[in-house]
Amino acid sequence: MSVAYVVVTILAAAAAFGATGFDIVKADQVREMMRGYGLPQWTLNPLAILKALGGLGLLIGLAIPPLGLAAALCLVLYFLGAEITIIRAKWYTDIVYPLPYLILSTASLALFAYA
């Protein structure tokens, strides 16, 4: 297991937990953005839980590699979905919001092959 993989995976997990925390603390603001993207308000909690589980899966994946692989892949798909949702809603100014999370998740997934 490479040092780069461990560091990037921990950063990706921390980012996922941070995004989840933002969803909880700023729920009204996030719901307003989601409404603008055309998403129902009830989806906030399930999506926040998915992010938190992805971060947890990344950390557990340091001990159980197949779980880390699955978590990284799921987070990449999650944040790609977020980007697609933003683009479809034509809120181009918000495109940058999911990018750091997508980049970290993708880096963790890519480095998994070298771990």
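Residues numbered from 1 in each chain as written. Predicted model: local features only at pLDDT ≥ 70, side-chain atom pairs only at ≥ 80, totals over all residues. Heavy atoms only, no water.

(A) Spotlight on helix H1 (residues 3-25). Taking 1.5 Å as the rise per residue, H1 with 23 residues should run 33 Å; its terminal C-alpha atoms sit 32 Å apart, in good agreement. Buried within H1 we find Tyr5, Val8, Thr9, Ala12, Ala13, Ala15, Ala16, Ala19, Thr20 and Asp23. Where H1 is buried, its residues touch helix H2 (27-37), helix H3 (44-61), helix H4 (65-88) and helix H5 (99-112). (Helix = DSSP H or I, 4+ residues; strand = E, 2+ residues; numbered from the N terminus. Expected span 1.5 Å × (residues − 1). Buried < 20%, exposed > 50% of the residue type's maximum accessible area, 1.4 Å probe, protein only. Contact = heavy atoms within 4.5 Å.)

(B) Examining the pattern of salt bridges more closely. One pass over the structure, following the stated rule, counts two salt bridges. Where aspartate 23 meets lysine 51, a salt bridge forms, and the shortest distance between an N and an O atom there is 2.5 Å. With aspartate 23 in helix H1 and lysine 51 in helix H3, this residue pair connects regions lying 28 residues apart in the sequence. Judged by relative accessible area, aspartate 23 falls into the buried class, the value being 5%. Among the ionic pairs, arginine 35 bridges to glutamate 32, the shortest N-O distance being 2.6 Å. Highlighted residues: arginine 35 and glutamate 32, both in helix H2, separated by three residues, approximately one helical turn. You can call arginine 35 partly exposed: its relative accessible area is 41%. When its relative accessible area of 47% is taken as the criterion, glutamate 32 is described as partly exposed. (Salt bridge = Lys/Arg side-chain N within 4 Å of Asp/Glu carboxyl O.)

(C) Fine view of the packing of H1 against H2. Where H1 contacts H2, the axes come no closer than 5 Å and their chain directions differ by 95 degrees. It follows from the interaxial angle that H1 and H2 lie roughly perpendicular. For the pair H1 and H2, the contacting residues are Phe22, Asp23, Ile24 and Val25 in the first and Ala27, Gln29 and Val30 in the second. For the contact of H1 with H2, the class distribution of residues is five nonpolar, one polar and one charged. (Axes fitted to C-alpha atoms, helices over the stretch in contact; angles between N-to-C directions. Parallel < 35°, antiparallel > 145°, perpendicular 65-115°, else oblique. Nonpolar A, V, L, I, M, F, W, Y, C, P; charged D, E, K, R; others polar.)

(D) Quick peek at the packing of aromatic side chains. A full pass over the atoms with the stated rule returns five aromatic pairs. Summarising the aromatic geometry, the rings of tyrosine 5 and phenylalanine 112 are spaced 6.0 Å apart at their centres and angled 70 degrees between planes, so their arrangement reads as edge-to-face. Here phenylalanine 112 lies in helix H5 and tyrosine 5 lies in helix H1, a separation of 107 residues in the sequence. Residue class for phenylalanine 112 comes out partly exposed when judged on its relative accessible area of 22%. Here the aromatic rings of phenylalanine 79 and tyrosine 101 are separated by 5.3 Å at their centres, their planes lie at 20 degrees, and the arrangement is stacked. With phenylalanine 79 in helix H4 and tyrosine 101 in helix H5, the pair connects residues that are 22 residues apart, well separated along the chain. As far as burial versus exposure is concerned, phenylalanine 79 and tyrosine 101 are alike and both buried. Put simply, the rings of Tyr78, Phe79, Tyr97 and Tyr101 touch in pairs and so form one group of aromatic residues. (Phe/Tyr/Trp six-rings, centres within 6.5 Å; stacked < 30°, edge-to-face > 60°.)

(E) How the structure looks around the packing of H3 against H4. For the pair H3 and H4, interaxial distance at closest approach is 7 Å and the crossing angle is 145 degrees. Like other packed secondary-structure pairs, H3 and H4 cross with a definite hand, here left-handed. The residues of H4 that touch H3, namely those facing Leu47, Leu50, Lys51, Gly54, Gly55, Gly57, Leu58, Ile60 and Gly61, are Pro65, Leu67, Gly68, Ala71, Ala72, Leu75, Tyr78 and Phe79. Of the residues in the contact of H3 with H4, the class split is 11 nonpolar, five polar and one charged. (Left-handed = near helix turned anticlockwise from the far one by under 90°.)

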